[in-house]
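One letter stands for each residue in the lines below.
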Amino acid sequence: MITTFRAVTARDLKLALRVGGGAGVGVIFFLAIVTIIPFAVGPDLPLLARIGTAVLWIGALLASLLGLDRIFASDQDDGSLDLLLLSHAPLELIAVAKAVAHWIATGLPLVIIAPVLGLMLGVEPRALAAVSLTLLVGTPAVTFIGLIASALSVALPRGGLLSAVLILPLAIPLLIFGVAATNAAVVGEIPFGTPFRLLCAITLFFLVLGPVAAAAALRHVRE
Amino acid sequence: MRLAVEGLTCIRGGRKLFRGLSFGLGQGEAIVVTGPNGAGKTSLLRLVAGLLTPAEGRVVVEDSVQMANELSHFVGHLDAVKGALTVGENLDFGRTLLGGGGIETDAALKKLGIGSLADVPAQILSAGQRRRLALARLLVATRPLWLLDEPSTALDSEGQRTLIQLIVEHRASGGSVIAATHMALDISGAREIVLTGEGVD
């Protein structure tokens, strides 16, 4: 079972890196969002520093949505989904493997690039560290929410639209507590740990719910 | 492995394709499913593989605790080949996913006549070569039941002979085969199930 997990993760990583459009697209999109914000709000550095953490979170959230609905769709298109369904390994495990690969290929680069982009907005170092930490905890949850949406889009006709509508509302709590924790680290009215722990809790919730719900949706394909 | 299909009914998109279909399949036996386009040949294979849930009836593996989907190979009209991976990587992935236990990757590719293509990206393969790669998967993972949906599509005459040979060897070693085809696929001693597309009783 562990070998299956490793094989699926390794294959999806290879595909993401070779096809292009994996890490690159998300990072460029993230960069674009952060770059155009100063054009919109003006070159007001104190203002940018104040809204910078929120911009980073929104940018990373939107960028991590890219390609989420393709997690299972590409496998359905070429028949690989049948192979996955015929495996000895439980479907939930395969779903986790695919999500892990997707996060490493698209989520992790966003976490790494976020502090660099934060410098462009004049965000102070303490806040940069907080943004990185909260994104590190929060982006996996976005991927696992996307896992559900992706499986649904395979199971249902016209599921593509559904996935777009489904992911963002579920990701809003992550945004709220992610930005709250980051602000708490800087302003310090409430301790950093309070919103951060809630963020961790939400992530853990979706780490469990995502694979189970995705596998259930994929089984529904057989109906 | 002994497979029993009991009273299988298939409804796709509101249309009843066949009803009350029952048959058994023992070691070394083969069944050829024939019928016109849209008669439900592919659906029947997917039902047996557990890739579809029957509207009525059931598919039972009588002498195993494993489910049919863990005992089956399914070669469908999509070849499940990833163009960005090499031929060898595709096959290795199939092996791991389907439980392995078969022959080596190079030997399997050689047997299917694509031995020189192991390090080539699969996206440059022709349709026939992709099909050969999909068939090579049958050899790298040992599973007793082969479900072949139009397996000879895109194969040249030599490829078709290889396919027949593979089926003969698989049956000789105690495996079973269900093949769906609308062309004559020359499998010796195979029983035939004819789907008419108007509901079998």
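Residues numbered from 1 in each chain as written. Chains lettered and ligands numbered in written order. Predicted model: local features only at pLDDT ≥ 70, side-chain atom pairs only at ≥ 80, totals over all residues.

**Some details on the overall build of chain A**
- Summing up its helical and strand segments, chain A has 9 helices and 0 strands in all.
- Overall, chain A shows an N-to-C arrangement of helices and strands of α-α-α-α-α-α-α-α-α.
- Relative to its length of 223 residues, chain A is compact, with a C-alpha radius of gyration of 18 Å against a globular reference of 17 Å.
- Counting only C-alpha atoms and orienting by the principal axes, one finds that chain A spans roughly 55 × 35 × 30 Å.
- Put simply, of all contacts in chain A between residues at least 6 apart along the chain, 81% involve residues at least 24 apart. (Helix = DSSP H or I, 4+ residues; strand = E, 2+ residues; numbered from the N terminus. Rg over C-alpha atoms; globule rule 2.2 N^0.38 Å. Contact = placed C-beta atoms within 7 Å.)

**Quick look at the interface of chain B and chain A**
- Taken residue by residue, the interface counts 22 residues in chain B and 20 residues in chain A.
- Secondary structure elements with two or more residues in the side of chain B that touches chain A: α2 (68-71), β5 (72-75) and α3 (87-97) of chain B.
- Broken down by element, the residue count for the side of chain B that touches chain A peaks at 4 residues, all from α3 of chain B.
- Of the residues belonging to the side of chain B that touches chain A, the class tally is 12 nonpolar, 7 polar and 3 charged. (Nonpolar A, V, L, I, M, F, W, Y, C, P; charged D, E, K, R; others polar.)

**Overview of the sheet that holds strand β8 (residues 191-194) of chain B**
Residues and elements named next belong to chain B.
- Read from one edge of the open sheet, 5 strands run β5-β6-β7-β3-β8, paired in parallel fashion. The outermost strands of the open sheet, each flanked by one partner alone, are β5 and β8. Along the sheet, successive strands turn relative to each other by an average axial angle of 15 degrees, direction set aside.
- Bridging between β5 and strand β6 (residues 145-149) involves 4 bridges; their strand directions are parallel. Bridging across to β6, Phe74 finds its partner in Leu147.
- Packed on one face of the sheet, helix α1 (residues 41-49) meets β3 (30-34), β5, β6 and β7 (176-180) and runs near 150 degrees to β7.
- Most of the contacts of helix α5 (residues 127-140) go to β5, to which it runs at about 175 degrees, and overall it touches β5 and β6. (Pairing = 2+ DSSP bridges. Axes fitted to C-alpha atoms, helices over the stretch in contact; angles between N-to-C directions.)

**Overview of the sheet that holds strand β1 (residues 3-12) of chain B**
All names here are of chain B.
- The 3 strands lie next to each other as β2-β1-β4, forming an open sheet whose pairing is antiparallel. Strands at the two margins of the open sheet, each flanked by one partner only, are β2 (15-25) and β4 (56-61). Strand-to-strand twist across the sheet, computed as the mean angle between neighbouring axes with direction ignored, equals 20 degrees.
- Note that β1 and β4 share 5 bridges and pair antiparallel.

**Examining the environment of Leu44 of chain B**
Residues and elements named next belong to chain B.
- Take Leu44: it is sitting in helix α1.
- Owing to 28 C-beta atoms within 10 Å, Leu44 belongs among the buried residues under this scheme.
- Between the alpha carbons of Leu44 and Ile114 there is a distance of 30 Å; along the sequence they are 70 residues apart.
- If we skip the residues at most four places from it in the chain, Leu44 touches Cys10, Val33 and Ala180. (Buried ≥ 20, exposed ≤ 12 C-beta atoms within 10 Å, placed from the backbone.)

**Side note on helix α1 (residues 2-19) of chain A**
- Between its terminal C-alpha atoms α1 of chain A stretches 26 Å, which fits the 26 Å expected from 18 residues at 1.5 Å a residue.
- Three or more residues of α1 of chain A are buried, namely Thr4, Ala7, Val8, Arg11, Asp12 and Ala16 of chain A. Projected down its long axis, α1 of chain A shows its buried positions confined to an angular sector of 160 degrees, all on one face. Set apart from the buried face of α1 of chain A by more than 90 degrees, the exposed residues are Ile2, Thr3 and Arg6 of chain A.
- As for α1 of chain A, its buried residues are in contact with α6 (91-120) of chain A together with α3 of chain B. (Expected span 1.5 Å × (residues − 1). Arc of directions from axis to C-beta.)

**Some points on unusual backbone geometry**
Residue and element names in this part refer to chain B.
- A positive phi angle is found at Ala80, which is not glycine, with a value near 55 degrees.
- Relative to the helices and strands, Ala80 is located in the loop between β5 and α3.
- The buried category is assigned to Ala80, around which 24 C-beta atoms lie within 10 Å.
- The backbone phi angle of Glu150 is positive, close to 45 degrees, even though this residue is not glycine.
- Within the secondary structure, Glu150 sits in the loop between β6 and α6 (157-172).

**Observations regarding the packing of helix α7 (residues 125-155) of chain A against helix α9 (residues 193-220) of chain A**
Residues and elements named next belong to chain A.
- The contact between α7 and α9 brings their axes to 8 Å, and the two run at 20 degrees. Between α7 and α9, the interaxial angle falls into the category roughly parallel. When you trace α7 past α9, the crossing you get is left-handed.
- Among the residues forming the contact of α7 with α9, the class breakdown is 22 nonpolar, 5 polar and no charged. (Parallel < 35°, antiparallel > 145°, perpendicular 65-115°, else oblique. Left-handed = near helix turned anticlockwise from the far one by under 90°.)

**Describing the confidence of the model for chain A**
- Summarising the model, chain A shows a mean pLDDT of 89, and 96% of its residues fall at 70 or more.
- Per-element confidence in chain A is highest for α6 of chain A, whose mean pLDDT is 94, and lowest for helix α8 (residues 159-187) of chain A, whose mean pLDDT is 86. (pLDDT = per-residue confidence, 0-100.)

**Things to note about α5 of chain B**
Residues and elements named next belong to chain B.
- Between its terminal C-alpha atoms α5 stretches 21 Å, which fits the 20 Å expected from 14 residues at 1.5 Å a residue.
- With 12 of 14 residues buried, α5 lies mostly within the body of the structure.
- The complete set of buried residues in α5 reads Gln129, Arg130, Arg131, Arg132, Leu133, Ala134, Leu135, Ala136, Arg137, Leu138, Leu139 and Val140.
- Elements in contact with the buried residues of α5: β5, α3, α4 (105-111), β6 and α6.

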